[in-house]
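Topology and contacts: notes
Now for the letters of each chain:
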Amino acid sequence: METSVPSQTDGQVADVSLRLAPAAERQYRSASAVNIQKQIRALFRVRPAARARASSWDRMADVLDWQAFGFPGVFSTTLFLSIQGHRRWLEQGTLPFPNECCRCGRPAAALLDFRPFLEVPLVRFQSRRVHLRGIPHCLEHSGSQPLAFASVTEQPGRYAYAQVVAMHRPFLEQCLIQNRRDGDPPAPWVAFPRSLPFGGFNQGTNEYWMGHSWLPFWSNLSPEARQRYLVANRAPAEWRQWDEVITKQRGHEIG
Ligand SMILES: [Zn+2]
């Protein structure tokens, strides 16, 4: 039995850059949602070893190590897309990548597109549809086979995140840095409208988002920049009060 992937439970998997026939789309969605592990096997040609320590899976880590699921040398990270990153995904089908090879970190010489590998009962085939454009590769690794792929999950009008899977941990760390430089994230009252500043952030996607996207962004803003963000994004009263409480606490700690 396949082990499901953490942080894939909230929201539907949607490949919004494609317009597939309904039947093909259903196939694609199930392949995408269930089968990151199958994509790893097909694309990276890694055979899963005995599943040693799935219990050691730290789902809050910046970079996840798939050794816990029997795939040594395979890593993934989750990029919560900024507002402009989400737009870029919708329009161009690509993500904020560093200019370095996804397999070894050398300067990128080619940009390859990922074509998802589909598996239906008794039939395996590689879809001609492009799911992710422009994955950087160096000269040595610029054969036709991309060495990284992504599964994008979207809540329309709220947020989108990409789980990027690759075989070079520093590449994923650079992806995270690029993503954090990629502009403002959606506001929490937009991304998770049912959550309040001091509650409703459960141990699912929204807690992960809070720790990995929102708080790193917010804690780096000056008080003036926070005010601008709150106004520009029409913060509800409870979120404005939340910021005042946080700011006062900080002032108290410093004073
Ligand atoms: Zn390379």
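Residues numbered from 1 in each chain as written. Predicted model: local features only at pLDDT ≥ 70, side-chain atom pairs only at ≥ 80, totals over all residues.

1. A few points about the overall build of the chain
So the rule is basically this: Segments assigned H or I by DSSP are reported as helices when at least four residues long, segments assigned E as strands when at least two residues long, and all are numbered from the N terminus. Residue burial is a threshold on neighbouring C-beta atoms within 10 Å of the residue's own C-beta, all placed from the backbone, with 20 or more meaning buried, 12 or fewer meaning exposed, and counts in between meaning partly exposed. Throughout, a residue-residue contact means that the two C-beta atoms, derived from backbone geometry, are no farther apart than 7 Å.
When helices and strands are counted, the chain shows eight helices and nine strands. Residues counted as buried form 31% of the 255 residues belonging to the chain. Taking the contacts inside the chain whose residues are at least 6 apart along the sequence as the reference set, 67% of them involve residues at least 24 apart.

2. Let's talk about the pairing of strand β3 (residues 75–80)
This is how the line gets drawn: Pairing between strands is defined by DSSP: at least two bridges between them are needed.
Extensive coverage of β3 is indicated by the burial of six of its six residues. Neither face of β3 is left uncovered, since the one carrying Phe75, Thr77 and Leu79 and the one carrying Ser76, Thr78 and Phe80 both have all their residues buried. The pairing of strand β2 (residues 63–65) with β3 spans three bridges and is classified as antiparallel. From the neighbouring strand, Leu64 faces β3, where its bridge partner is Ser76.

3. A word on the pairing of strand β6 (residues 123–126)
If a strand is regular, its side chains alternate between the two faces of the sheet. Examined bridge by bridge, strand β5 (residues 117–120) and β6 share four bridges and lie antiparallel to one another. In the sheet register, Val120 faces β6, and the bridge partner there is Val123. Linkage of β5 to β6, two consecutive antiparallel strands, is achieved through a turn of two residues, within which Leu122 is found at a positive phi near 70°.

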